[in-house]
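# Structural overview
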Amino acid sequence: MASDMRASLNQVLELAKLGNEGAVTKLVEAVEDIIRQLNLCAKTHPVTVRNAASRLTHWPVMYSPHPKLRLNPEDVVKMVKLGSDFPRNLDPNAKWDPRELGCKIAIHLFKYVEMVKNNPEQYNHFPYCDAARKLPNFNEDCAGQRWWEVAKSVLTFSIPNLIADPYLSQLAKGKSNRKFPSRMEQKILERVNNRFMSLFYKQNR
């Protein structure tokens, strides 16, 4: 049923991309109805919806120029407990930026360490596997520092010469750094460490 609905919406979406005005209208009306029903479910079946929303980073809400025709996004986020179980810091004041290079690398490391932790039998030939398997959950005290130690091992094992990597080397710009390879490597690790730790809530670092 879900696949049929998705296929139907995709057909209308393709027409909308071609500039079909009627398709745009139908698509918006369909999405609007789905969002209304979804947020109604959040009120009538809060536990079910919260279980799903707690692991997500986004949630659709209705918006209109008229204040009486729109939902307050902050109220909806609180209602469904959006991202409360997501394994990264979603605080509005979080410092990490998924578009920034250092953060992209940190997120990649985080996801990889998480995979190793959850599937150690698939990675038991790597030297960092045992340490990853013993890691605490991301939301425990001091989890950030322990996860970083494993992430650092993954990084230096995968790329022994950090300064030779064209992406990592961008994290250590500056003439003073380029003059001394050891300083450049230290700067790279510091930058990735900083971004990696920002993925954790302060109380869990």
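Residues numbered from 1 in each chain as written. Predicted model: local features only at pLDDT ≥ 70, side-chain atom pairs only at ≥ 80, totals over all residues. Heavy atoms only, no water.

The subject of this paragraph is the overall build of the protein. When helices and strands are tallied, the protein shows 10 helices and 0 strands. If you list the helices and strands of the protein from N to C, you get α-α-α-α-α-α-α-α-α-α. Its C-alpha radius of gyration of 22 Å places the protein more than 25% over the 17 Å reference for a compact globule of 205 residues. Expressed along its principal axes, the backbone C-alpha trace of the protein runs to roughly 60 × 40 × 35 Å. For the protein, the proportion of its 205 residues judged to be buried stands at 33%. Taking the intrachain contacts of the protein between residues at least 6 apart in sequence as the baseline, contacts between residues at least 24 apart amount to 55%. Accessible area for the protein stands at about 13600 Å²; split by element, carbon and sulfur atoms hold 54% of it. Averaged over its 31 positive side-chain charges, the protein has a centre that lies 7 Å from the centre of its 21 negative ones. (Helix = DSSP H or I, 4+ residues; strand = E, 2+ residues; numbered from the N terminus. Rg over C-alpha atoms; globule rule 2.2 N^0.38 Å. Buried < 20%, exposed > 50% of the residue type's maximum accessible area, 1.4 Å probe, protein only. Contact = heavy atoms within 4.5 Å. Areas by Shrake-Rupley, 256 points an atom, 1.4 Å probe, with all protein chains shown as cover. Lys, Arg positive; Asp, Glu negative; His and termini not counted. Charge placed at Lys NZ, Arg CZ, Asp CG, Glu CD.)

Take helix α2 (residues 21–44) next. Taking 1.5 Å of rise per residue, 24 residues should cover 34 Å, and α2 covers 35 Å from first to last C-alpha, within 8% of that figure. N-capping of α2 is provided by N20, with a side-chain oxygen placed 3.0 Å from the backbone N of G22. (Expected span 1.5 Å × (residues − 1). Polar contact = N/O pair within 3.5 Å; in protein donor to acceptor, adjacent residues only side chain to side chain.)

With respect to the element layout, S54 can be found in the loop between α3 (46–53) and α4 (73–80). Residues in contact with S54, not counting those within four places in the same chain, are V80, K81, G83, S84, D85 and F86.

So, about the layout of surface pockets. Put simply, the largest pocket is a space of about 410 Å³. Forming the walls of the largest pocket are 13 residues, and the residues nearest its centre are V77, L82, G83, L90 and P92. The residue makeup of the lining of the largest pocket, split by class, is 8 nonpolar, 4 polar and 1 charged. (1 Å grid on protein atoms, 1.4 Å probe; cavity = no way out; pocket = protein on both sides within 12 Å on 5 of 7 lines; lining within 4 Å. Points joined across faces, edges and corners; volume = space filled by probe spheres on them. Nonpolar A, V, L, I, M, F, W, Y, C, P; charged D, E, K, R; others polar.)

Remember that the coordinates give geometry; whether it matters functionally is a separate question.
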